[in-house]
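# Topology and contacts: notes
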Amino acid sequence: MLTVKRVTALLSMVTVLVFMAFPAMAAELSVKENRTRSGIVNVAVPYISGSVGGKQVDNIVNKAVLSYVNSQMKQIMSKEEIETFESTHADPRELGEMLRYNTDLVKYTDKKIVDKNTAGRVTASWYVRNEYEVKAAKDTFYSVILKTKTYTGGAGDVIVWKAMNFDLKDGHLMELKELFDANADYASRLQTLIGYQQKGRARLIRHIKGKNVSEPTPVTITGQENFYVDDHYNLGIILYSGASGAKRLPVDGAAGKAAETSKGTPAGESGPAAVNKQSATGQMEIYDISLNDFADLIRL
């Protein structure tokens, strides 16, 4: 006959075995916000915890998101200004360090902009704002859009959306082509569906606004497009239309900054040219497509 003590011990053992067999049951993805407002720089950035891959994966994802947001602020600074900041801020590794780095950079960016405004080197006040939209947050998948709006002179502000999609089992940043089977011809179907939407939008503009718009240029899908997936199984493709009608992404991140600098932002000077280069990509266009249209091609 089992005693109360023995029954309690058995139940405790069963509980331990259940959590060992199903570790995902113990994990629940949490998305929180780090917002810093300093003068004319207002930055909100999300960070996660509780991914199925554990703390190491959380750090990988948070590092990628925060690094991108930080890069958008650094794009309006000179090389010397960036080096001055980095000389007192080591590359962060843990979440607390990442958040402090981001907060300090917001304050530093505001100070640099104020210095430029005060010195009369700009004709209108610059500003930087960053918001975000979480499209999907599961313990195995995370999709977020980072929305940066800057003004660094010129005719108007620059708005850049960067979608980031993470596999939370290992933390890697996913590409569009990873959503589909290896040999699936998803690109042709996407091009066709986007083409329908392009023609429909052009038709509405002609009939509702009375504007004479030319036929849209067909989109070429490479598998590396800016995209998101939401909780309702919708796939969003974010494209930019230039004057030529070609579709391409804006340059962003550290690689983008280096590319733009090499195209004509002199070392030691402020970087509005690098930021405004992004506006040269033209109007941002978003196409929402149901993943149900790809049920036979989706990677399961």
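This one's a predicted model, so the numbers in the text were calculated from it and none came from an experiment. (Residues numbered from 1 in each chain as written. Predicted model: local features only at pLDDT ≥ 70, side-chain atom pairs only at ≥ 80, totals over all residues. Heavy atoms only, no water.)

With eight of nine residues buried, strand 2 (residues 41-49) lies mostly within the body of the structure. In terms of strand pairing, strand 1 (residues 30-38) meets strand 2 through nine bridges, oriented antiparallel. Bridge pairing links Ser30 to Ser49 in strand 2. If you look at the hairpin formed by strand 1 and strand 2, you'll find two residues sitting between the two strands, and Gly39 has a positive phi there, around 60 degrees. Taken together, the three bridges between strand 2 and strand 3 (residues 127-137) define a ladder with parallel strand orientation. Across the sheet, Asn42 pairs through a bridge with Arg129, a residue of strand 3. (Buried < 20%, exposed > 50% of the residue type's maximum accessible area, 1.4 Å probe, protein only. Helix = DSSP H or I, 4+ residues; strand = E, 2+ residues; numbered from the N terminus. Pairing = 2+ DSSP bridges.)

Right, let's get into the packing of aromatic side chains. Per the counting criterion, the structure on display carries six aromatic pairs. An angle of 45 degrees between the planes, with centres 5.2 Å apart, marks the rings of Phe85 and Tyr108 as tilted. Residue Phe85 is located in helix 3 (residues 79-87), and its partner Tyr108 is located in helix 4 (residues 95-118); the two are separated by 23 residues in the primary sequence. The exposure class assigned to Tyr108 is buried, which follows from its relative accessible area of 16%. Judged by centre distance (4.5 Å) and plane angle (5 degrees), the ring pair of Phe180 and Tyr186 falls under stacked. Like Tyr186, Phe180 is buried. Through a chain of ring-to-ring contacts, the aromatic side chains of Phe85, Tyr101 and Tyr108 assemble into a single cluster. A cation over an aromatic ring shows up here: Arg129 above the ring of Tyr127, its NZ or CZ 4.1 Å from the ring centre. (Phe/Tyr/Trp six-rings, centres within 6.5 Å; stacked < 30°, edge-to-face > 60°. Lys NZ or Arg CZ within 6 Å of the ring centre and 35° of its normal.)

What follows is about the pattern of salt bridges. Within this structure, the stated rule accounts for 16 salt bridges. Its salt-bridge partner being Lys116, residue Glu81 comes within 2.9 Å of it at the nearest N-O pair. Taken together, the positions of Glu81 in helix 3 and Lys116 in helix 4 put the pair 35 residues apart, joining distant regions of the chain. The same class applies to Glu81 and to Lys116, which are both buried. Notably, a salt bridge pairs Asp167 with Lys169, separated by 3.2 Å at the nearest N-O pair. Its relative accessible area of 54% is what places Lys169 among the exposed residues. (Salt bridge = Lys/Arg side-chain N within 4 Å of Asp/Glu carboxyl O.)

Below, the discussion takes up the packing of helix 3 against helix 4. One way to put it is that helix 3 packs onto helix 4 with a least axis distance of 11 Å and a crossing angle of 145 degrees. Relative to helix 4, the crossing made by helix 3 is right-handed. Packed against helix 3, whose contacting residues are Glu81, Thr84, Phe85 and Glu86, the element helix 4 presents Tyr101, Asp104, Leu105, Tyr108, Lys112 and Lys116 at the interface. Taken together, the residues of the contact of helix 3 with helix 4 break down into four nonpolar, one polar and five charged. (Axes fitted to C-alpha atoms, helices over the stretch in contact; angles between N-to-C directions. Left-handed = near helix turned anticlockwise from the far one by under 90°. Contact = heavy atoms within 4.5 Å. Nonpolar A, V, L, I, M, F, W, Y, C, P; charged D, E, K, R; others polar.)

This is a description of form; function is not addressed.
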